[in-house]
Amino acid sequence: MANIIKQNLWNGTQVKATEESIYYNRRTILKQIGLATGALLASPMIGFSKNKNQDNNFTFQGMDKFYPAIRNEKYVLDRPMTEEYDATHYNNFYEFISPKDRNIYNAYKYVDPFDTRGWRFEVSGLANKTGIYFLEEMIKEFGLEERTCRFRCVERWSMAVPWTGFPLKKLIDFFGPMNNAKYISMTSFVDKSQMIGVENQDWYPWPYHEGLRIDEAMNELAFIATGIYGKPLPKQNGAPMRLIVPWKYGYKNTKSIVKLEFTNKKPKTFWNTLSPNEYPFLSNIDPDVPHPRWSQKIERMIPDGEPRPTLKFNGYGEFVGKLYS
Ligand code: MTE
(Lines give C-alpha, C1' and ligand atoms only; values in the text may rest on other atoms or scores of the structure.)
Protein backbone atom coordinates (compact mmCIF):
# COMPACT_ATOMS: atom_id res chain seq x y z
CA MET A 1 0.00 0.00 0.00
CA ALA A 2 1.61 3.26 -1.10
CA ASN A 3 2.22 6.02 1.39
CA ILE A 4 1.05 9.43 0.31
CA ILE A 5 2.10 12.72 1.83
CA LYS A 6 -1.01 14.70 2.48
CA GLN A 7 -2.36 17.47 4.57
CA ASN A 8 -4.53 16.73 7.57
CA LEU A 9 -7.82 18.28 6.61
CA TRP A 10 -8.63 19.46 10.11
CA ASN A 11 -5.50 21.08 11.46
CA GLY A 12 -3.52 21.82 8.32
CA THR A 13 -0.44 19.76 9.33
CA GLN A 14 1.42 17.56 6.88
CA VAL A 15 1.02 13.87 7.66
CA LYS A 16 2.23 10.70 6.00
CA ALA A 17 -0.97 8.96 5.13
CA THR A 18 -1.98 5.55 3.90
CA GLU A 19 -4.96 5.07 1.63
CA GLU A 20 -6.99 4.29 4.69
CA SER A 21 -6.37 7.53 6.45
CA ILE A 22 -7.13 9.48 3.30
CA TYR A 23 -10.58 8.03 3.42
CA TYR A 24 -10.78 8.38 7.13
CA ASN A 25 -10.32 12.11 6.57
CA ARG A 26 -12.85 12.14 3.76
CA ARG A 27 -15.31 10.39 6.01
CA THR A 28 -14.54 12.64 8.93
CA ILE A 29 -15.72 15.57 6.88
CA LEU A 30 -18.78 13.67 5.82
CA LYS A 31 -19.54 12.79 9.42
CA GLN A 32 -19.29 16.43 10.23
CA ILE A 33 -22.06 17.17 7.80
CA GLY A 34 -24.09 14.10 8.70
CA LEU A 35 -23.39 11.79 5.77
CA ALA A 36 -20.84 9.16 6.69
CA THR A 37 -22.62 6.56 8.78
CA GLY A 38 -26.04 5.00 8.78
CA ALA A 39 -26.88 6.58 12.12
CA LEU A 40 -25.86 10.00 11.00
CA LEU A 41 -27.59 9.54 7.71
CA ALA A 42 -30.84 9.05 9.51
CA SER A 43 -30.77 12.65 10.68
CA PRO A 44 -31.30 15.70 8.49
CA MET A 45 -28.16 16.95 6.80
CA ILE A 46 -26.66 19.24 9.34
CA GLY A 47 -24.03 21.77 8.37
CA PHE A 48 -25.93 22.55 5.18
CA SER A 49 -27.23 25.96 6.06
CA LYS A 50 -29.58 27.64 3.65
CA ASN A 51 -29.41 31.23 2.66
CA LYS A 52 -31.83 31.57 -0.20
CA ASN A 53 -30.69 35.12 -0.85
CA GLN A 54 -27.15 34.07 -1.66
CA ASP A 55 -26.03 34.75 -5.22
CA ASN A 56 -25.86 31.53 -7.22
CA ASN A 57 -22.90 32.78 -9.20
CA PHE A 58 -24.17 31.69 -12.58
CA THR A 59 -21.70 32.27 -15.38
CA PHE A 60 -23.73 33.58 -18.28
CA GLN A 61 -20.67 34.56 -20.36
CA GLY A 62 -22.85 35.23 -23.40
CA MET A 63 -24.37 31.75 -23.36
CA ASP A 64 -27.65 32.68 -21.70
CA LYS A 65 -29.26 33.05 -25.12
CA PHE A 66 -29.28 29.24 -25.43
CA TYR A 67 -31.37 28.72 -22.28
CA PRO A 68 -33.77 27.30 -21.36
CA ALA A 69 -33.64 24.38 -23.79
CA ILE A 70 -36.56 22.10 -24.66
CA ARG A 71 -36.85 19.08 -22.38
CA ASN A 72 -36.31 15.61 -23.86
CA GLU A 73 -39.28 13.75 -22.34
CA LYS A 74 -37.72 10.32 -22.90
CA TYR A 75 -35.79 10.56 -19.63
CA VAL A 76 -38.20 10.57 -16.70
CA LEU A 77 -37.68 10.70 -12.95
CA ASP A 78 -39.09 8.29 -10.38
CA ARG A 79 -38.90 10.90 -7.59
CA PRO A 80 -39.45 14.60 -7.01
CA MET A 81 -36.92 17.00 -8.44
CA THR A 82 -34.29 18.31 -6.03
CA GLU A 83 -34.64 22.02 -5.39
CA GLU A 84 -32.33 24.22 -7.42
CA TYR A 85 -30.81 25.81 -4.36
CA ASP A 86 -29.86 22.44 -2.91
CA ALA A 87 -28.30 21.05 -6.10
CA THR A 88 -26.25 24.21 -6.58
CA HIS A 89 -25.10 24.64 -2.96
CA TYR A 90 -24.24 21.10 -1.96
CA ASN A 91 -21.44 20.23 -4.33
CA ASN A 92 -18.32 18.18 -4.50
CA PHE A 93 -15.48 20.08 -6.18
CA TYR A 94 -12.11 19.45 -4.53
CA GLU A 95 -10.50 22.30 -6.46
CA PHE A 96 -12.52 24.67 -4.28
CA ILE A 97 -11.96 23.30 -0.79
CA SER A 98 -10.80 26.23 1.26
CA PRO A 99 -8.38 25.95 4.20
CA LYS A 100 -10.78 28.35 5.95
CA ASP A 101 -13.47 25.77 6.53
CA ARG A 102 -12.15 22.55 4.92
CA ASN A 103 -15.70 21.75 3.89
CA ILE A 104 -15.83 19.91 0.58
CA TYR A 105 -19.44 20.98 0.09
CA ASN A 106 -18.84 24.74 0.32
CA ALA A 107 -17.39 25.13 -3.18
CA TYR A 108 -19.93 27.81 -4.06
CA LYS A 109 -18.28 30.18 -1.59
CA TYR A 110 -14.90 30.05 -3.30
CA VAL A 111 -15.59 29.95 -7.03
CA ASP A 112 -15.56 33.69 -7.75
CA PRO A 113 -11.96 33.86 -9.08
CA PHE A 114 -12.64 31.02 -11.55
CA ASP A 115 -12.89 32.60 -15.01
CA THR A 116 -14.99 30.49 -17.38
CA ARG A 117 -15.50 33.06 -20.13
CA GLY A 118 -14.69 32.15 -23.74
CA TRP A 119 -14.20 28.49 -22.82
CA ARG A 120 -12.00 26.40 -25.09
CA PHE A 121 -11.05 22.75 -24.83
CA GLU A 122 -8.43 20.62 -26.50
CA VAL A 123 -9.11 17.37 -28.37
CA SER A 124 -6.14 15.09 -28.94
CA GLY A 125 -5.16 11.51 -29.67
CA LEU A 126 -6.69 8.92 -31.97
CA ALA A 127 -9.28 11.01 -33.82
CA ASN A 128 -9.69 12.43 -37.29
CA LYS A 129 -10.11 15.97 -35.97
CA THR A 130 -7.97 17.29 -33.13
CA GLY A 131 -7.13 20.77 -31.89
CA ILE A 132 -8.60 23.54 -29.76
CA TYR A 133 -12.33 24.22 -29.94
CA PHE A 134 -14.68 26.83 -28.48
CA LEU A 135 -17.55 25.49 -26.41
CA GLU A 136 -19.90 28.10 -27.84
CA GLU A 137 -19.19 26.80 -31.37
CA MET A 138 -20.03 23.27 -30.23
CA ILE A 139 -23.31 24.41 -28.70
CA LYS A 140 -24.24 26.11 -31.97
CA GLU A 141 -23.32 22.93 -33.84
CA PHE A 142 -25.18 20.43 -31.65
CA GLY A 143 -27.96 22.49 -30.05
CA LEU A 144 -29.06 21.92 -26.47
CA GLU A 145 -31.70 19.79 -24.79
CA GLU A 146 -32.81 19.38 -21.20
CA ARG A 147 -32.87 15.99 -19.44
CA THR A 148 -33.97 15.09 -15.96
CA CYS A 149 -31.62 12.62 -14.29
CA ARG A 150 -30.92 10.89 -11.03
CA PHE A 151 -27.39 11.52 -9.74
CA ARG A 152 -25.69 9.39 -7.07
CA CYS A 153 -22.43 10.11 -5.23
CA VAL A 154 -20.29 7.20 -3.99
CA GLU A 155 -20.68 8.75 -0.52
CA ARG A 156 -24.40 7.92 -0.81
CA TRP A 157 -26.04 11.31 -1.23
CA SER A 158 -28.21 11.67 -4.28
CA MET A 159 -30.33 14.17 -6.15
CA ALA A 160 -32.62 14.41 -9.16
CA VAL A 161 -31.99 17.38 -11.42
CA PRO A 162 -32.62 18.81 -14.91
CA TRP A 163 -29.35 19.09 -16.85
CA THR A 164 -29.05 21.03 -20.09
CA GLY A 165 -26.49 20.00 -22.68
CA PHE A 166 -25.91 17.63 -25.58
CA PRO A 167 -25.16 13.88 -25.90
CA LEU A 168 -21.45 13.09 -25.65
CA LYS A 169 -21.96 10.90 -28.74
CA LYS A 170 -22.54 14.01 -30.86
CA LEU A 171 -19.17 15.37 -29.77
CA ILE A 172 -17.44 12.05 -30.40
CA ASP A 173 -18.98 11.68 -33.85
CA PHE A 174 -17.87 15.22 -34.67
CA PHE A 175 -14.22 14.41 -33.89
CA GLY A 176 -14.34 10.94 -35.46
CA PRO A 177 -12.33 8.55 -33.30
CA MET A 178 -10.15 6.04 -35.14
CA ASN A 179 -10.92 2.33 -34.90
CA ASN A 180 -8.15 1.74 -32.38
CA ALA A 181 -9.52 4.40 -29.98
CA LYS A 182 -10.89 2.30 -27.13
CA TYR A 183 -11.17 4.96 -24.40
CA ILE A 184 -11.75 8.64 -23.95
CA SER A 185 -10.09 10.54 -21.12
CA MET A 186 -11.33 13.84 -19.72
CA THR A 187 -9.31 16.40 -17.82
CA SER A 188 -10.53 19.31 -15.73
CA PHE A 189 -9.24 22.85 -15.73
CA VAL A 190 -6.60 23.54 -13.09
CA ASP A 191 -5.08 26.84 -11.96
CA LYS A 192 -3.77 27.55 -8.49
CA SER A 193 -4.49 31.24 -8.78
CA GLN A 194 -8.19 30.63 -9.42
CA MET A 195 -8.77 27.50 -7.36
CA ILE A 196 -8.10 27.74 -3.68
CA GLY A 197 -8.24 23.99 -3.17
CA VAL A 198 -5.51 23.31 -5.72
CA GLU A 199 -3.21 25.80 -4.11
CA ASN A 200 -3.74 24.25 -0.68
CA GLN A 201 -3.90 20.53 -1.42
CA ASP A 202 -0.77 19.63 -3.33
CA TRP A 203 -1.00 15.93 -2.45
CA TYR A 204 -3.77 15.36 -5.00
CA PRO A 205 -2.80 14.28 -8.52
CA TRP A 206 -4.10 17.44 -10.22
CA PRO A 207 -5.62 18.10 -12.63
CA TYR A 208 -8.76 16.07 -11.90
CA HIS A 209 -9.04 13.42 -14.60
CA GLU A 210 -11.38 10.59 -15.47
CA GLY A 211 -12.18 8.30 -18.36
CA LEU A 212 -14.73 6.08 -20.07
CA ARG A 213 -14.64 3.23 -22.52
CA ILE A 214 -15.61 4.48 -25.97
CA ASP A 215 -18.74 2.29 -26.04
CA GLU A 216 -19.81 3.79 -22.70
CA ALA A 217 -19.12 7.29 -23.96
CA MET A 218 -21.23 6.61 -27.08
CA ASN A 219 -24.20 5.41 -25.02
CA GLU A 220 -27.19 7.72 -25.33
CA LEU A 221 -27.13 8.48 -21.59
CA ALA A 222 -23.60 9.96 -21.57
CA PHE A 223 -24.15 13.69 -21.69
CA ILE A 224 -22.12 16.88 -21.70
CA ALA A 225 -23.95 19.28 -19.41
CA THR A 226 -23.56 23.00 -19.92
CA GLY A 227 -26.54 23.98 -17.81
CA ILE A 228 -28.83 23.04 -14.96
CA TYR A 229 -32.36 24.21 -14.07
CA GLY A 230 -32.67 25.92 -17.44
CA LYS A 231 -29.60 28.16 -16.95
CA PRO A 232 -25.89 27.84 -17.66
CA LEU A 233 -24.05 25.77 -15.05
CA PRO A 234 -22.95 27.63 -11.95
CA LYS A 235 -19.20 27.36 -11.46
CA GLN A 236 -19.56 25.06 -8.46
CA ASN A 237 -21.46 22.53 -10.61
CA GLY A 238 -18.64 22.31 -13.15
CA ALA A 239 -19.11 25.28 -15.46
CA PRO A 240 -19.09 25.63 -18.30
CA MET A 241 -19.03 21.98 -19.45
CA ARG A 242 -19.01 18.77 -17.42
CA LEU A 243 -19.75 15.10 -17.93
CA ILE A 244 -22.97 13.42 -16.78
CA VAL A 245 -22.97 9.60 -16.71
CA PRO A 246 -25.93 8.92 -14.40
CA TRP A 247 -25.37 5.15 -14.12
CA LYS A 248 -21.94 5.69 -12.57
CA TYR A 249 -20.88 7.12 -9.22
CA GLY A 250 -20.55 10.89 -9.08
CA TYR A 251 -16.77 11.01 -9.22
CA LYS A 252 -16.82 9.79 -12.84
CA ASN A 253 -18.64 13.02 -13.79
CA THR A 254 -15.64 15.25 -14.60
CA LYS A 255 -16.28 18.97 -14.14
CA SER A 256 -14.98 22.01 -16.07
CA ILE A 257 -13.49 19.91 -18.88
CA VAL A 258 -10.56 21.40 -20.81
CA LYS A 259 -9.17 18.31 -22.48
CA LEU A 260 -10.51 15.19 -24.19
CA GLU A 261 -8.18 12.50 -25.46
CA PHE A 262 -8.98 9.46 -27.57
CA THR A 263 -6.65 6.63 -26.63
CA ASN A 264 -6.13 2.88 -26.88
CA LYS A 265 -4.89 2.64 -23.25
CA LYS A 266 -7.14 2.63 -20.21
CA PRO A 267 -6.74 6.17 -18.80
CA LYS A 268 -5.58 6.74 -15.24
CA THR A 269 -8.24 8.29 -13.04
CA PHE A 270 -7.91 10.72 -10.13
CA TRP A 271 -9.47 8.67 -7.32
CA ASN A 272 -8.19 5.36 -8.59
CA THR A 273 -4.64 6.72 -8.46
CA LEU A 274 -5.18 7.64 -4.82
CA SER A 275 -6.93 4.44 -3.81
CA PRO A 276 -7.10 1.71 -6.46
CA ASN A 277 -9.11 -0.71 -4.30
CA GLU A 278 -11.88 1.75 -3.58
CA TYR A 279 -12.46 3.57 -6.87
CA PRO A 280 -12.36 1.21 -9.86
CA PHE A 281 -12.39 2.41 -13.45
CA LEU A 282 -15.95 1.33 -14.28
CA SER A 283 -17.61 2.43 -11.02
CA ASN A 284 -21.13 1.49 -12.07
CA ILE A 285 -23.73 2.06 -9.36
CA ASP A 286 -24.61 -1.28 -7.79
CA PRO A 287 -26.32 -1.90 -4.43
CA ASP A 288 -24.77 -5.38 -4.26
CA VAL A 289 -21.18 -4.18 -4.52
CA PRO A 290 -20.31 -2.40 -1.28
CA HIS A 291 -17.61 0.21 -1.10
CA PRO A 292 -14.84 -1.40 1.00
CA ARG A 293 -15.83 0.92 3.85
CA TRP A 294 -19.61 1.13 3.62
CA SER A 295 -22.69 -0.49 2.14
CA GLN A 296 -24.18 0.92 -1.05
CA LYS A 297 -27.68 -0.50 -0.47
CA ILE A 298 -29.27 2.84 0.47
CA GLU A 299 -28.85 6.37 -0.81
CA ARG A 300 -29.97 9.64 0.78
CA MET A 301 -31.61 12.44 -1.15
CA ILE A 302 -30.29 15.92 -0.46
CA PRO A 303 -30.99 18.04 1.50
CA ASP A 304 -33.02 16.07 4.06
CA GLY A 305 -31.42 12.65 3.78
CA GLU A 306 -34.62 10.87 2.67
CA PRO A 307 -33.53 7.20 2.27
CA ARG A 308 -34.11 5.34 -0.99
CA PRO A 309 -32.91 1.91 -2.09
CA THR A 310 -29.96 2.18 -4.45
CA LEU A 311 -30.91 0.93 -7.91
CA LYS A 312 -28.52 -1.09 -10.04
CA PHE A 313 -27.08 1.23 -12.70
CA ASN A 314 -28.99 3.92 -10.78
CA GLY A 315 -32.14 2.57 -12.46
CA TYR A 316 -30.74 3.01 -16.00
CA GLY A 317 -30.23 -0.71 -16.75
CA GLU A 318 -32.52 -0.61 -19.80
CA PHE A 319 -30.11 1.87 -21.41
CA VAL A 320 -26.71 0.63 -20.27
CA GLY A 321 -27.10 -2.97 -19.05
CA LYS A 322 -26.12 -4.31 -22.47
CA LEU A 323 -22.70 -2.62 -22.20
CA TYR A 324 -21.71 -5.02 -19.44
CA SER A 325 -23.33 -8.32 -20.41
N1 MTE B 1 -14.73 17.11 -11.01
C2 MTE B 1 -13.68 17.82 -10.57
N3 MTE B 1 -12.92 18.48 -11.45
N4 MTE B 1 -13.36 17.90 -9.24
C5 MTE B 1 -14.08 17.24 -8.29
O6 MTE B 1 -13.75 17.32 -7.10
N7 MTE B 1 -15.97 15.74 -7.84
C8 MTE B 1 -16.72 14.62 -8.41
C9 MTE B 1 -17.49 15.04 -9.67
N10 MTE B 1 -16.62 15.77 -10.57
C11 MTE B 1 -15.20 16.46 -8.73
C12 MTE B 1 -15.51 16.45 -10.11
C13 MTE B 1 -17.67 14.07 -7.43
S14 MTE B 1 -16.99 13.10 -6.21
C15 MTE B 1 -19.02 14.28 -7.52
S16 MTE B 1 -20.09 13.48 -6.45
C17 MTE B 1 -19.60 15.19 -8.51
O18 MTE B 1 -18.60 15.88 -9.29
C19 MTE B 1 -20.46 16.24 -7.82
O20 MTE B 1 -21.16 17.02 -8.76
P21 MTE B 1 -22.09 18.21 -8.24
O22 MTE B 1 -21.27 19.05 -7.35
O23 MTE B 1 -22.57 18.96 -9.45
O24 MTE B 1 -23.24 17.57 -7.49
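Bear in mind that the values here come from a model prediction, so they are computed numbers and not experimental data. (Residues numbered from 1 in each chain as written. Predicted model: local features only at pLDDT ≥ 70, side-chain atom pairs only at ≥ 80, totals over all residues. Heavy atoms only, no water.)

Novice: Which residues make up the site of the ligand, and what values do they have?
Specialist: Close contacts around the ligand come from 17 residues, with Tyr94, Glu95, Ser188, Arg242 and Lys255 the closest. Contact distances for the ligand include 3.0 Å between an oxygen atom and a side-chain N or O atom of Asn91. Within the backbone of Asn92, an N or O atom sits 3.1 Å from an oxygen atom of the ligand. Across the complex, the protein chains shield 100% of the 540 Å² of accessible surface that the ligand would expose by itself. With respect to the detected pockets, the ligand is housed in the largest cavity. (Near = heavy atom within 4 Å. Polar contact = N/O pair within 3.5 Å; in protein donor to acceptor, adjacent residues only side chain to side chain. Areas by Shrake-Rupley, 256 points an atom, 1.4 Å probe, with all protein chains shown as cover. 1 Å grid on protein atoms, 1.4 Å probe; cavity = no way out; pocket = protein on both sides within 12 Å on 5 of 7 lines; lining within 4 Å. Sits in = over half its atoms within 2 Å of the grid points.)

Novice: Describe in detail unusual backbone geometry, supporting the description with residues and values.
Specialist: Going from Trp206 to Pro207, the amide bond is cis rather than trans, its omega being -5°. Among the secondary structure elements, Pro207 is positioned in the loop between α6 (196-200) and β8 (209-213). Here the residue pair Ala239 and Pro240 is connected by a cis peptide bond, since its omega of -10° sits within 30 degrees of zero. Tracing the backbone shows Pro240 in the loop between β10 (231-232) and β11 (242-244). Despite not being glycine, Ser256 shows a phi value in the positive range, around 45°. Counting through the fold element by element, Ser256 comes out in the loop between β11 and β12 (257-263). Residue Ser256 is classed as buried on the basis of its relative accessible area of 1%. Non-glycine residue Phe313 carries a positive phi angle of around 55°. (Helix = DSSP H or I, 4+ residues; strand = E, 2+ residues; numbered from the N terminus. Buried < 20%, exposed > 50% of the residue type's maximum accessible area, 1.4 Å probe, protein only.)

Novice: Which residues make up empty space enclosed by the protein, and what values do they have?
Specialist: Applying the stated criterion across every chain yields a total of three cavities of 30 Å³ or more. The computed volume of the largest cavity comes to approximately 260 Å³. Around the largest cavity, the lining comprises 22 residues; the ones closest to its centre are Asn92, Arg242, Gly250, Asn253 and Lys255. The class makeup of the residues in the lining of the largest cavity is eleven nonpolar, seven polar and four charged. (Points joined across faces, edges and corners; volume = space filled by probe spheres on them. Nonpolar A, V, L, I, M, F, W, Y, C, P; charged D, E, K, R; others polar.)

Novice: Lay out the nonpolar core in plain terms, naming residues and giving numbers.
Specialist: Counting residues in hydrophobic clusters, the biggest one holds 83 residues, and the most contacted among them are Trp163, Leu168 and Leu171. Considering every element that reaches this core, the biggest residue donor is strand β6 (residues 157-167), with five residues. In contact with Leu168, other than residues within four places in its own chain, are Met186, Leu212, Ala217, Ala222, Phe223, Ile224 and Leu243. (Core = buried A, V, L, I, M, F, W, Y, C linked by side-chain atoms within 4.5 Å. Contact = heavy atoms within 4.5 Å.)

Novice: An account of the layout of surface pockets is needed here, citing residue identities and associated values.
Specialist: Leftover empty space is mapped by rolling, across the atoms, a probe with the size of a water molecule. Reported here for the largest pocket is a volume of approximately 210 Å³. What lines the largest pocket is a set of 16 residues, and nearest its centre among them are Tyr249, Pro280, Asn284, Val289 and Pro290. For the lining of the largest pocket, a count of residues per class yields eight nonpolar, five polar and three charged.

Novice: A description of the environment of Arg156 should follow, citing residues and the corresponding values.
Specialist: Inspection of the secondary structure puts Arg156 in the loop between β5 (145-152) and β6. Note on Arg156: relative accessible area 8%, which makes it buried. Taking C-alpha positions, Arg156 is 9.4 Å from Trp294, a pair spaced 138 residues apart along the chain.

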